[in-house]
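Close look at the chain arrangement
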Amino acid sequence: MLLVEPSETYLDGYMGALKLGWSPGDEVMRLADMQKINSDPKTFLRLKADNRHAEGPPVTLPDGSLVERLPGLTRWLWDGEFCGSINLRWPREGYAMPPQVRGNVGYAVVPWKRKRGYATVALRQLLPIARDEKLPHLDFVIEVSNTPSKKVVERNGALLIEYFQKIVDSGRIIDCALYRLILTK
(Lines give C-alpha, C1' and ligand atoms only; values in the text may rest on other atoms or scores of the structure.)
Protein backbone atom coordinates (compact mmCIF):
# COMPACT_ATOMS: atom_id res chain seq x y z
CA MET A 1 0.00 0.00 0.00
CA LEU A 2 1.33 3.41 -1.00
CA LEU A 3 0.35 7.00 -0.38
CA VAL A 4 -0.30 8.79 -3.64
CA GLU A 5 -0.97 12.42 -4.39
CA PRO A 6 -4.55 12.94 -5.55
CA SER A 7 -4.44 13.19 -9.35
CA GLU A 8 -6.46 12.34 -12.44
CA THR A 9 -4.84 8.88 -12.42
CA TYR A 10 -6.61 7.97 -9.17
CA LEU A 11 -9.72 10.16 -9.39
CA ASP A 12 -12.06 7.45 -10.73
CA GLY A 13 -11.21 5.27 -7.72
CA TYR A 14 -11.93 8.10 -5.30
CA MET A 15 -15.19 8.96 -7.04
CA GLY A 16 -16.18 5.28 -7.08
CA ALA A 17 -15.76 5.07 -3.31
CA LEU A 18 -17.84 8.23 -2.85
CA LYS A 19 -20.59 6.78 -5.05
CA LEU A 20 -20.63 3.65 -2.86
CA GLY A 21 -21.31 5.86 0.18
CA TRP A 22 -17.81 6.11 1.66
CA SER A 23 -16.54 9.51 2.81
CA PRO A 24 -13.32 10.83 4.32
CA GLY A 25 -15.59 12.80 6.65
CA ASP A 26 -19.35 13.02 6.84
CA GLU A 27 -22.21 12.88 4.34
CA VAL A 28 -22.02 16.63 3.71
CA MET A 29 -18.34 16.27 2.75
CA ARG A 30 -19.08 13.28 0.52
CA LEU A 31 -21.74 15.15 -1.44
CA ALA A 32 -19.61 18.31 -1.62
CA ASP A 33 -16.62 16.37 -2.98
CA MET A 34 -18.79 14.71 -5.63
CA GLN A 35 -20.18 18.09 -6.68
CA LYS A 36 -16.70 19.67 -6.83
CA ILE A 37 -15.33 16.78 -8.90
CA ASN A 38 -18.24 16.99 -11.33
CA SER A 39 -17.96 20.77 -11.74
CA ASP A 40 -14.17 21.35 -11.68
CA PRO A 41 -12.02 18.23 -11.18
CA LYS A 42 -8.70 20.05 -11.78
CA THR A 43 -9.31 22.60 -9.01
CA PHE A 44 -10.62 19.86 -6.73
CA LEU A 45 -7.43 17.85 -7.21
CA ARG A 46 -5.13 20.86 -6.80
CA LEU A 47 -6.71 21.96 -3.53
CA LYS A 48 -7.13 18.40 -2.22
CA ALA A 49 -3.56 17.28 -2.87
CA ASP A 50 -1.64 20.29 -1.67
CA ASN A 51 -3.22 23.26 0.03
CA ARG A 52 -0.25 24.55 2.01
CA HIS A 53 -1.53 28.12 1.56
CA ALA A 54 -5.07 27.35 2.77
CA GLU A 55 -6.73 28.44 -0.48
CA GLY A 56 -10.47 28.19 -0.82
CA PRO A 57 -13.51 29.47 1.03
CA PRO A 58 -13.84 29.43 4.82
CA VAL A 59 -14.96 26.20 6.45
CA THR A 60 -18.51 26.02 7.81
CA LEU A 61 -18.69 24.43 11.27
CA PRO A 62 -21.68 22.32 12.40
CA ASP A 63 -23.10 25.36 14.25
CA GLY A 64 -23.05 27.35 11.00
CA SER A 65 -20.15 29.61 11.92
CA LEU A 66 -17.30 30.16 9.48
CA VAL A 67 -13.60 29.71 10.25
CA GLU A 68 -10.46 30.14 8.19
CA ARG A 69 -9.28 27.11 6.27
CA LEU A 70 -6.10 25.53 7.62
CA PRO A 71 -3.04 24.79 5.50
CA GLY A 72 -2.69 21.11 4.71
CA LEU A 73 -2.46 18.29 2.24
CA THR A 74 -4.13 15.00 1.44
CA ARG A 75 -2.78 11.72 0.22
CA TRP A 76 -4.82 8.77 -1.01
CA LEU A 77 -4.15 5.17 0.00
CA TRP A 78 -3.55 3.00 -3.06
CA ASP A 79 -2.91 -0.73 -3.42
CA GLY A 80 -3.76 -0.96 -7.11
CA GLU A 81 -7.15 0.55 -6.30
CA PHE A 82 -8.43 3.30 -4.01
CA CYS A 83 -8.27 2.36 -0.31
CA GLY A 84 -8.89 5.59 1.61
CA SER A 85 -7.35 8.94 2.46
CA ILE A 86 -5.15 10.58 5.05
CA ASN A 87 -4.71 14.30 5.55
CA LEU A 88 -2.30 16.49 7.41
CA ARG A 89 -3.21 19.97 8.59
CA TRP A 90 -1.37 22.53 10.67
CA PRO A 91 -2.04 25.95 12.18
CA ARG A 92 -1.39 29.12 10.21
CA GLU A 93 1.00 30.37 12.89
CA GLY A 94 2.80 28.68 15.77
CA TYR A 95 2.15 25.11 16.81
CA ALA A 96 -1.25 25.22 18.53
CA MET A 97 -4.21 24.01 16.54
CA PRO A 98 -7.41 26.08 16.69
CA PRO A 99 -10.05 24.83 19.14
CA GLN A 100 -12.39 23.53 16.42
CA VAL A 101 -9.65 21.24 15.01
CA ARG A 102 -7.38 19.90 17.73
CA GLY A 103 -5.91 17.10 15.63
CA ASN A 104 -3.29 17.41 12.89
CA VAL A 105 -4.18 14.18 11.09
CA GLY A 106 -7.37 12.59 9.84
CA TYR A 107 -7.68 9.30 8.00
CA ALA A 108 -10.38 7.01 6.69
CA VAL A 109 -10.11 3.60 5.05
CA VAL A 110 -12.89 2.31 2.80
CA PRO A 111 -14.84 -0.47 4.57
CA TRP A 112 -13.86 -3.15 2.06
CA LYS A 113 -10.12 -2.55 2.76
CA ARG A 114 -10.19 -2.36 6.56
CA LYS A 115 -8.33 -4.72 8.93
CA ARG A 116 -5.30 -4.89 6.63
CA GLY A 117 -3.09 -2.43 8.53
CA TYR A 118 -3.46 0.22 5.84
CA ALA A 119 -4.11 3.11 8.24
CA THR A 120 -1.01 2.21 10.29
CA VAL A 121 1.14 2.10 7.13
CA ALA A 122 -0.40 5.32 5.79
CA LEU A 123 0.40 7.19 9.00
CA ARG A 124 3.95 5.82 8.98
CA GLN A 125 4.37 7.06 5.40
CA LEU A 126 2.92 10.48 6.31
CA LEU A 127 5.44 11.13 9.11
CA PRO A 128 8.34 12.22 6.83
CA ILE A 129 5.99 14.70 5.13
CA ALA A 130 5.04 16.14 8.54
CA ARG A 131 8.73 16.43 9.44
CA ASP A 132 9.40 18.25 6.16
CA GLU A 133 6.72 20.77 7.19
CA LYS A 134 8.80 21.40 10.37
CA LEU A 135 5.99 20.33 12.71
CA PRO A 136 7.36 19.46 16.18
CA HIS A 137 4.57 16.97 16.90
CA LEU A 138 1.28 15.62 15.64
CA ASP A 139 -1.88 15.56 17.72
CA PHE A 140 -4.66 13.02 17.17
CA VAL A 141 -8.18 13.34 18.57
CA ILE A 142 -9.84 9.94 18.78
CA GLU A 143 -13.17 8.89 20.23
CA VAL A 144 -12.46 6.76 23.30
CA SER A 145 -14.56 3.93 21.85
CA ASN A 146 -12.49 3.87 18.60
CA THR A 147 -10.02 1.13 19.52
CA PRO A 148 -8.73 0.59 15.95
CA SER A 149 -7.67 4.25 15.61
CA LYS A 150 -6.00 4.21 19.02
CA LYS A 151 -3.96 1.19 17.85
CA VAL A 152 -2.98 2.97 14.62
CA VAL A 153 -1.48 5.97 16.41
CA GLU A 154 0.07 3.92 19.22
CA ARG A 155 1.80 1.63 16.69
CA ASN A 156 3.37 4.76 15.21
CA GLY A 157 4.64 6.00 18.58
CA ALA A 158 1.89 8.37 19.76
CA LEU A 159 1.25 8.61 23.49
CA LEU A 160 -1.96 9.40 25.34
CA ILE A 161 -1.97 12.99 26.63
CA GLU A 162 -5.47 13.49 28.02
CA TYR A 163 -9.12 12.55 27.95
CA PHE A 164 -11.74 15.21 27.30
CA GLN A 165 -15.32 15.63 26.18
CA LYS A 166 -16.22 17.19 22.87
CA ILE A 167 -19.58 18.64 21.87
CA VAL A 168 -20.55 17.64 18.34
CA ASP A 169 -23.57 18.07 16.10
CA SER A 170 -26.85 18.85 17.83
CA GLY A 171 -25.14 19.19 21.23
CA ARG A 172 -24.19 15.53 21.56
CA ILE A 173 -21.19 14.95 23.84
CA ILE A 174 -18.54 12.35 23.01
CA ASP A 175 -15.62 11.13 25.08
CA CYS A 176 -12.31 11.70 23.31
CA ALA A 177 -8.64 11.01 23.83
CA LEU A 178 -5.81 13.29 22.73
CA TYR A 179 -2.68 11.47 21.57
CA ARG A 180 0.60 13.15 20.66
CA LEU A 181 3.40 11.89 18.47
CA ILE A 182 6.70 13.77 18.83
CA LEU A 183 8.41 14.17 15.45
CA THR A 184 12.12 13.55 15.75
CA LYS A 185 14.48 12.94 12.87
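Relevant structure appears above.
It should be emphasised that the depicted structure is a prediction, and the values quoted were computed from it without experimental measurement.

**A word on the pairing of strand β9 (residues 159–167)**
Here β9 runs beside strand β10 (residues 173–182); their pairing, made up of eight bridges, is antiparallel. From the neighbouring strand, Lys166 faces β10, where its bridge partner is Ile174. What sits between the antiparallel neighbours β9 and β10 is a turn of five residues, in which Ser170 has the positive phi angle 55°.

**Considering the side chain of Ser23**
The topology assignment puts Ser23 in the loop between α1 (8–19) and α2 (27–39). Separated by 3.0 Å, the side chain of Ser23 and the backbone nitrogen of Gly25 make a polar contact. Within the local environment of Ser23, its side chain forms a polar contact with the backbone oxygen of Asp26, the two atoms lying 2.9 Å apart. The residues contacting Ser23, other than those within four sequence positions of it, are Leu18, Met29, Arg30 and Ala108.

**Some words on the sheet that holds β10**
With antiparallel pairing, the three strands of this open sheet are ordered in space as β8-β10-β9. Since the sheet does not close on itself, it has two edges, and those belong to β8 (137–143) and β9, each with one partner. Taking the axes of each pair of neighbouring strands and ignoring which way they run, one obtains an average angle of 25° across the sheet. Along the sheet, helix α5 (residues 147–155) contacts β8 and β10; its crossing angle with β8, the most-contacted strand, is approximately 165°.

**Section: the pattern of salt bridges**
Where charged atoms from two side chains of opposite charge come close, those side chains can pair. As enumerated under the stated definition, the model contains 11 salt bridges in all. Salt-bridge contacts for Glu55 lead to Arg46; the nearest nitrogen and oxygen are separated by 3.0 Å. Taking the relative accessible area as the measure of exposure, Arg46 reaches 42% and is therefore partly exposed. Note that Arg52 is salt-bridged to Glu133, the shortest N-O span being 2.5 Å. Pair noted here: Arg52 is in the loop between β2 (50–51) and β3 (59–60) and Glu133 is in the loop between α4 (118–132) and β8, with a separation of 81 residues, a long-range link. According to the relative accessible area criterion, Arg52 is partly exposed, its value standing at 30%.

Thresholds, definitions, all that
- Residues numbered from 1 in each chain as written.
- Predicted model: local features only at pLDDT ≥ 70, side-chain atom pairs only at ≥ 80, totals over all residues.
- Heavy atoms only, no water.
- Pairing = 2+ DSSP bridges.
- Helix = DSSP H or I, 4+ residues; strand = E, 2+ residues; numbered from the N terminus.
- Polar contact = N/O pair within 3.5 Å; in protein donor to acceptor, adjacent residues only side chain to side chain.
- Contact = heavy atoms within 4.5 Å.
- Axes fitted to C-alpha atoms, helices over the stretch in contact; angles between N-to-C directions.
- Salt bridge = Lys/Arg side-chain N within 4 Å of Asp/Glu carboxyl O.
- Buried < 20%, exposed > 50% of the residue type's maximum accessible area, 1.4 Å probe, protein only.

Just distances and angles here, no functional claims.
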